[in-house]
Amino acid sequence: MAANPTSFAILAQEIPVLDGTDEFANLELVVQQHARFVFKVAYGVLRNSHDAEDVVQEVFLRVHRSGTRGVRDMSAWLATIAFRLALDRTRKPQALDIAEFELPANQPDAEHVAIHRQQIDRVHRLIAAMPEDLRYPLVLSALEELNSRQIGEILGIPESSVRGRILRARQILKEKLAVTEAKR
Amino acid sequence: MNNDEHLDNLLDEALSEYRHAEPLAGIESRILARIAERETRRNPFALRWAIAFACAAAVALAIWLGIGRRTPHTAAPSESAVTKPVEKAPGPTQAPEVVASASGTVEVRKAASRSVPQLPPTETALQMKPAVFPSPAPLTADERAFMAALNQFPNTMPVASEPDKAITIAEIEIKPLAIGGVSLGEK
């Protein structure tokens, strides 16, 4: 996977440190900068908006409790917390998010959209059925904010393994999709 | 567009949903509100501890002051008797140990006391004694009558005015035991 220039921009930015008197103001800054990104990480694992937001809130509560002293890469650190909390949630029964199953009704060609939606859902089901060691590198690679090194930090694997697993995951998905497409 | 490209596009589109996933508007304010709420919930807990600590400190101070007031300031010597812990009553005295030495003589050793050395009973009693003993009290009717009689007829009651005479005790002489003309003390 090629290095994402956006990720380097995030790495280069100054990381606020939560200490001293203006702690809450610093936390507010971290929340403003990273809340949406943390949501995406949690959503990538959970595929449920409500659960993902719960995870985001839990992440920032933990940040508030522990502070950010000694954190070098804020994005990777927050993503790691969010990823682990989301993984914990996958082991619990999840709430059903009805909104995610609704089809957009205002599209011009509803039938075409429905067919396309089915295809995309099939891809999601295939992704969900993949082994975790292939699924999570692929899902996290979809986030612009994370590069291979950061994904490796989150998953606890070398950067080279991250790239290899993403390629392998894509290859497997395409093979399975080709089979299902041919059946149609 | 070949099949491989089509599959790539399908895959990318599916993955883009992860990239474009957006929370409901105002997630930042909800996060901060929850943190603030958690903080306010934690503070009463800390306040409760602070109140409990203050109460404990107040009780300890009251006890300390109460003990300080109960100590009499006029009778200085008796202060030690009040403030010092009460000496333990001496335990049962141990009998002297009789040891037969190798030379055939019999030695009598004082039993070694393993307990903490204690003050002699007389010394302890002195410490416990108040400055004026017995405590001053008004004379009874009999005592007043006796004092009046003593003042009126001093010669009729010589016992009261005579000082104590020294008692002399004759020197005690202990002779060594002799059995059959042989003295046990002689070698």
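Structure: see above.
Residues numbered from 1 in each chain as written. Chains lettered and ligands numbered in written order. Predicted model: local features only at pLDDT ≥ 70, side-chain atom pairs only at ≥ 80, totals over all residues.

Describing the overall build of chain B
Then, number 1: Check the secondary structure of chain B and you find 6 helices and 4 strands.
Then, number 2: From first element to last, N terminus to C terminus, chain B shows the α and β order α-α-α-β-β-α-α-α-β-β.
Then, number 3: Relative to its 187 residues, chain B shows a buried fraction of 5%.
Then, number 4: When contacts within chain B are restricted to residue pairs at least 6 apart in sequence, long-range pairs at least 24 apart make up 35% of them. (Helix = DSSP H or I, 4+ residues; strand = E, 2+ residues; numbered from the N terminus. Buried ≥ 20, exposed ≤ 12 C-beta atoms within 10 Å, placed from the backbone. Contact = placed C-beta atoms within 7 Å.)

Here's the deal with helix H1 (residues 3-19) of chain B
All names here are of chain B.
Then, number 1: With 17 residues, H1 should cover 24 Å at 1.5 Å per step; its first-to-last C-alpha distance of 24 Å lies within 8% of that length.
Then, number 2: All of the buried residues along H1 are Leu7, Leu11, Ala14, Leu15 and Tyr18. Taken end-on, H1 shows its buried residues confined to a sector of 95°, consistent with a single buried face. Of the exposed residues in H1, the ones pointing more than 90 degrees away from its buried face are Glu5, Asn9 and Ser16. (Expected span 1.5 Å × (residues − 1). Arc of directions from axis to C-beta.)

Section: the packing of helix H5 (residues 110-129) of chain A against helix H8 (residues 159-183) of chain A
All names here are of chain A.
Then, number 1: Where H5 contacts H8, the two axes come as close as 10 Å, and the packing angle between them is 135°. Judged by the inter-axis angle, H5 sits oblique to H8. Handedness of the crossing formed by H5 with H8: right-handed. Every residue of H8 that contacts H5 at Arg122, Val123, Leu126 and Ile127 is listed here: Leu173, Lys176, Leu177 and Thr180.
Then, number 2: Broken down by class, the residue content of the contact of H5 with H8 amounts to 5 nonpolar, 1 polar and 2 charged. (Axes fitted to C-alpha atoms, helices over the stretch in contact; angles between N-to-C directions. Parallel < 35°, antiparallel > 145°, perpendicular 65-115°, else oblique. Left-handed = near helix turned anticlockwise from the far one by under 90°. Nonpolar A, V, L, I, M, F, W, Y, C, P; charged D, E, K, R; others polar.)

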